[in-house]
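Residues per chain, in single letters:
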Amino acid sequence: ALRSGLAGLKVLLLNVSRAVTHDVLITFSPTEGPRMLNMTEKGKAGKIQLPREIFRSLSSWTARVVVTVLNIQRLGMFEEVNQMGQVLDNTVVGITVGETSISGLRNPVQLAFTHGQLPRGVTPQCVFWDPSKGQAGGWSSSGCVTQPGDKGTTCSCDHLTFFTLLLNPALDRSTAQALMAVATAGCGVAMAFSIFTIAFCIFLRCRFRTEETLRTNLGLHVNLVGSLLLLNLAFLLNSGLSGGTQPGTCKVLGGFTHYCLLCCFTWMALEGCHLYLLFVKVLGTYIHHYLVKLCLVGWGFPALVVGVAGVIGSYGEYSIQTANHQVIAHLCWITSEHLLVHYITNCGYFGLIFLFNMAVFGVVTQKSCCLQGTGAVQGDRKAWKVALVALGLFCLLGATWALAFLTHGTSSAPMIYIFTILNSLQGIFIFIWLVVLYYPKTKETAGSLSYIIRHDKTITVSQ
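What comes next is a walk through the structure. (Residues numbered from 1 in each chain as written. Predicted model: local features only at pLDDT ≥ 70, side-chain atom pairs only at ≥ 80, totals over all residues. Heavy atoms only, no water.)

1. Concerning the nonpolar core
Counting 60 residues, the largest nonpolar core has Phe265, Leu393, Trp401, Ile430, Leu434 and Tyr438 as its most contacted members. Breaking this core down by element, the ones donating at least two residues are helix H3 (173-207), helix H4 (212-241), helix H5 (247-281), helix H6 (290-311), strand S16 (327-334), helix H7 (339-373), helix H8 (384-396) and helix H10 (426-438). (Core = buried A, V, L, I, M, F, W, Y, C linked by side-chain atoms within 4.5 Å. Buried < 20%, exposed > 50% of the residue type's maximum accessible area, 1.4 Å probe, protein only. Helix = DSSP H or I, 4+ residues; strand = E, 2+ residues; numbered from the N terminus.)

The following block contains the structure:
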């Protein structure tokens with residue numbers, strides 16, 4: 001055996017006979033590197049067990065075995081784009097036997113990675129480096145079985161390559177069940193308040209038939225709250241029916257849930273566009289069938305996206321698992337094989353909407369503060385109502401959904417709770433906001449931001 005090492009790289013070279021009568025045992029650690037291990041030796045370092053089947057299947061009598069232990073942080077290697085998990089001790093183990101690629105082993109190669117008690121909310125996963133994944137390669141678990149333990153994790157893989165143990169953020173059973181209960185209860189309450197909100201907006205539209213701008217604003221709110229109502233309904237159907245549904249039904253339900261989510265995002269964007277027109281461009285000219293055109297975009301564009309995603313087979317059963325790989329719930333959603341669809345249509349789409357809406361919110365807030373400083377806003381509109389309108393707009397424009405970008409990581413459980421509670425209660429927030437603004441003085445200009453627009457642009461606008 002020959003051992004060598006550089007900074008971040010340690011190598012063990014072995015010549016193993018084809019007639020070997022036992023499995024080859026090798027120990028390794030991030031600090032000491034790989035070395036031969038006796039059959040009776042016990043250690044606390046990691047272990048590699050190469051089955052003798054590998055050597056008996058070779059054509060040559062002697063095979064060269066190369067075992068490398070790499071510190072990827074020092075070497076700057078094996079960096080996956082948008083990697084969610086963390087590599088254990090930044091250590092990657094590479095194994096090669098002979099000159100040919102070895103795969104499809106009946107007796108798998110076993111690697112035992114040692115570690116202490118893992119933090120709560122972390123699940124280990126045995127992975128190998130797949131150069132064909134993505135543009136620059138990535139981690140894959142195909143052909144590997146993970147067996148977690150108290151003091152370590154054993155990986156059984158049917159091929160030879162570069163392996164590591166990936167520590168992925170995950171939820172434990174109690175947290176996952178609590179989140180499901182909170183989301184279910186919140187969706188039920190939000191559906192009731194969404195119905196109240198729609199009824200209240202329809203009542204105002206009927207009462208003030210001559211105030212076209214007010215009717216347009218309320219029409220936008222009705223569509224946004226309607227999309228939230230459908231999304232909550234889709235979630236409740238999903239959590240109640242997906243466990244025993246047929247594959248075809250699950251695909252339809254997954255597509256319907258995705259459609260409702262995209263409708264919510266789209267109507268949030270349209271709320272931002274409408275607010276931008278009121279504050280910056282100002283609707284001084286009449287737009288024929290303005291609300292109808294917004295409805296075509298708000299309900300039509302998501303249908304087009306979902307239709308394309310459905311054609312390529314993106315929908316099906318999606319399992320939510322705990323750290324022990326126990327299935328908590330089955331949802332009809334975008335399958336794991338089509339996560340790119342989720343990243344583009346959900347994460348990317350909402351990211352663009354969020355940036356635009358926050359820019360609009362900044363412009364509205366800045367204009368409100370400037371006009372307050374000049375005395376344009378007086379009386380009871382000066383303090384609490386401006387703050388209430390700003391808070392309502394913040395919720396109306398979907399800012400609470402941005403918390404989803406903070407729910408990734410090993411300590412994200414509190415943020416997941418906040419995200420679940422706030423977004424399941426978004427319909428309640430909008431209902432309270434509208435009632436306070438428009439009732440009981442619905443005859444007057446409702447909301448200090450509308451007063452600002454009217455004062456600044458000499459147009460009657462009710463928001």
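Still more ground to cover, so stick around.
2. Remarks on the sheet that holds strand S13 (residues 152-157)
If you walk across this open sheet you meet the six strands as S4-S3-S5-S9-S13-S12, and the pairing is antiparallel. The open sheet has two edge strands with one neighbour each: strand S4 (35-36) and strand S12 (144-148). Pairing geometry for strand S3 (residues 24-28) and S4, over two bridges, is antiparallel. The residue of S4 that forms the bridge with threonine 27 is arginine 35. (Pairing = 2+ DSSP bridges.)

3. Brief notes about the state of the cysteines
Covalently bonding the sulfur atom of one cysteine to the sulfur atom of another cysteine gives a disulfide. Evaluation of the coordinates by the stated rule reveals three disulfides. Linked covalently through their sulfurs, cysteine 144 and cysteine 157 form a disulfide whose S-S length is 2.1 Å. Where cysteine 144 bonds to cysteine 157 through sulfur, the torsion about that S-S bond is close to 115°, and the disulfide is right-handed. Pair noted here: cysteine 144 is in strand S12 and cysteine 157 is in strand S13, with a separation of 13 residues, a long-range link. The pair formed by cysteine 144 and cysteine 157 is uniform in burial state, with each residue classed as buried. (Disulfide = S-S within 2.5 Å.)

4. Points about the environment of threonine 164
One can find threonine 164 in strand S14 (residues 162-169). What makes threonine 164 buried here is its relative accessible area of 0%. Note: C-alpha distance between threonine 164 and valine 127 (37 residues apart in sequence) is 5.8 Å. Each residue touching threonine 164, except ones within four places of it in the same chain, is listed here: Val87, Thr91, Val92, Phe113, Gln125, Cys126, Val127 and Trp139. A polar contact of 2.7 Å, which involves the side chain of threonine 164, links it to the backbone oxygen of threonine 91. (Contact = heavy atoms within 4.5 Å. Polar contact = N/O pair within 3.5 Å; in protein donor to acceptor, adjacent residues only side chain to side chain.)

5. A short note on the packing of H4 against H6
Between H4 and H6, the least distance of the axes is 10 Å, while the angle of their chain directions is 20°. Between H4 and H6, the crossing angle belongs to the class labelled roughly parallel. The element H4 and its partner H6 pack so that their crossing is right-handed. Residues Thr216, Gly219, Leu220, Asn223, Gly226, Ser227 and Leu230 of H4 form the contact with H6, whose participating residues are Tyr290, Leu291, Leu294, Cys295 and Trp299. Class assignment for the residues of the contact of H4 with H6 results in seven nonpolar, five polar and no charged. (Axes fitted to C-alpha atoms, helices over the stretch in contact; angles between N-to-C directions. Parallel < 35°, antiparallel > 145°, perpendicular 65-115°, else oblique. Left-handed = near helix turned anticlockwise from the far one by under 90°. Nonpolar A, V, L, I, M, F, W, Y, C, P; charged D, E, K, R; others polar.)

6. Section: the packing of aromatic side chains
What the rule picks out here adds up to 14 aromatic pairs. On the numbers, 5.5 Å between centres and 90° between planes, the contact of phenylalanine 265 with tryptophan 401 is edge-to-face. Residue phenylalanine 265 is found in helix H5, and its partner tryptophan 401 is found in the loop between H8 and helix H9 (413-424); the two are separated by 136 residues along the sequence. In this structure, phenylalanine 265 and tryptophan 401 share a single accessibility class: buried. Taken together, Phe265, Phe350, Phe354, Trp401 and Phe419 form an aromatic cluster joined through their ring pairs. Directly above the ring of tryptophan 61 sits arginine 18, whose terminal nitrogen or CZ lies 5.2 Å from the centroid. (Phe/Tyr/Trp six-rings, centres within 6.5 Å; stacked < 30°, edge-to-face > 60°. Lys NZ or Arg CZ within 6 Å of the ring centre and 35° of its normal.)

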